[in-house]
Amino acid sequence: MRYEKGHKETTRKRIIDVASRRFRKDGASATGLAGIMAEAGLTNGAFYAHFESKETLLREALVNTLADQSARSKQDCADGRGIEGAIRGYLNKSHLGRSEEGCPSAALLPEIGRQPQSTREAYENNLLPYIKNLAEQLPETGTTASTRRAMAIFSLMVGTLQIARAVSDASLAEDILEAGVDAALMLAKEPEARGA
């Protein structure tokens, strides 16, 4: 059976999209290839025509998701919302309740840290544009200080989201998010405004 041009690429993208959502929702180790392929409307055997291994799929899903996250953040900032828009766009109720569509860092960091070096390097290389975009919204743009503060802000946002997702009380989760927004905005201020 002959397929139209681009069929393999379209199928591969569908598998990556399904896997990305499933990995973020259920975790990479808890997500089986059979479930991913079934949701993608394909047989298990079709997997190896597209990927060498589950690790390869995880790496490509991370790269894809991080690129999307970076593009959304860049758009938020370009729309004039700046660093506050990026922070509030990350730490909100919608992101809290939709891990399958959210940040792969908040959903998968412990698992990413246990992956082979090639996957960790892919994560790092695709996280850095997001951090760079945050740094460009800070005072002292283009300096080591702004990059370090952007990394601290992102780390605070990820930890805040993880803790908010871990508690069972919805009101407490919202309080945690708001406290995280306040702390991230404080970090984003000019050093003089923080009393540094």
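Each remark here, short or long, concerns the structure printed above.
All values derive from a computational prediction rather than experimental measurement.

Parameters and conventions
Residues numbered from 1 in each chain as written. Predicted model: local features only at pLDDT ≥ 70, side-chain atom pairs only at ≥ 80, totals over all residues. Heavy atoms only, no water. Helix = DSSP H or I, 4+ residues; strand = E, 2+ residues; numbered from the N terminus. Buried < 20%, exposed > 50% of the residue type's maximum accessible area, 1.4 Å probe, protein only. Contact = heavy atoms within 4.5 Å. Areas by Shrake-Rupley, 256 points an atom, 1.4 Å probe, with all protein chains shown as cover. Lys, Arg positive; Asp, Glu negative; His and termini not counted. Charge placed at Lys NZ, Arg CZ, Asp CG, Glu CD. 1 Å grid on protein atoms, 1.4 Å probe; cavity = no way out; pocket = protein on both sides within 12 Å on 5 of 7 lines; lining within 4 Å. Points joined across faces, edges and corners; volume = space filled by probe spheres on them. Nonpolar A, V, L, I, M, F, W, Y, C, P; charged D, E, K, R; others polar. Core = buried A, V, L, I, M, F, W, Y, C linked by side-chain atoms within 4.5 Å. Expected span 1.5 Å × (residues − 1).

What follows deals with the overall build of the protein. A tally of regular secondary structure across the protein gives eight helices and zero strands. Reading the protein from its N terminus to its C terminus gives the helix and strand order α-α-α-α-α-α-α-α. Dimensions of the protein, computed from C-alpha atoms along their principal axes, come out at roughly 65 × 40 × 30 Å. Looking at the protein residue by residue over its 196 residues, the buried ones come to 41%. When contacts within the protein are restricted to residue pairs at least 6 apart in sequence, long-range pairs at least 24 apart make up 67% of them. A total of about 10400 Å² of accessible surface is found on the protein, and carbon and sulfur atoms cover 52% of it. When the 26 basic and 26 acidic side-chain charges of the protein are each reduced to a single mean position, those positions are 5 Å apart.

Bringing empty space enclosed by the protein into the picture now. Enumeration over the complete set of coordinates arrives at one cavity of 30 Å³ or more. In this structure, the largest cavity occupies an estimated 40 Å³ of space. Surrounding the largest cavity, Ser20, Phe23, Arg24, Leu58, Ala61, Leu62, Thr65, Pro104 and Leu108 form its lining. Among the elements that make up the lining of the largest cavity, the one with the highest residue count is helix α3 (residues 54–90) (four residues).

As a further point, take the layout of surface pockets. Each pocket or cavity is described by its volume, and for the largest pocket that value is around 310 Å³. Residue lining of the largest pocket: 15 residues in total, with Arg72, Gly89, Tyr90, His95 and Glu101 positioned closest to the centre. Broken down by secondary-structure element, the contributors of at least two residues to the lining of the largest pocket are α3 and α4 (93–97). Looking at which element gives the most residues to the lining of the largest pocket, the answer is α3, with seven residues. Residues of the lining of the largest pocket, tallied by class, amount to four nonpolar, seven polar and four charged.

To continue, consider the nonpolar core. If you look at the biggest cluster of nonpolar residues, it comprises 48 residues, and the most contacted ones within it are Phe23, Leu57, Ile87, Tyr90, Phe154 and Met157. If you tally residues by element for this core, the top one is α3, at 10 residues. Look past the residues within four positions of Phe23 in its chain and what remains in contact with it is Ala28, Thr31, Ile36, Lys54, Leu57, Leu58, Ala61 and Leu108.

Between its first and last C-alpha, helix α7 (residues 144–166) extends 33 Å over 23 residues, near the 33 Å set by a 1.5 Å rise per residue. Among all positions of α7, only Ser146, Arg149, Ala150, Ile153, Phe154, Met157, Val158, Thr160, Leu161 and Ala164 are buried. The elements touched by buried residues of α7 are α3, α4, α5 (104–113), α6 (117–136) and α8 (170–188).

Take Ser70: it is sitting in helix α3. Apart from the residues lying within four places of it in its own chain, the contact partners of Ser70 are Pro129 and Tyr130.

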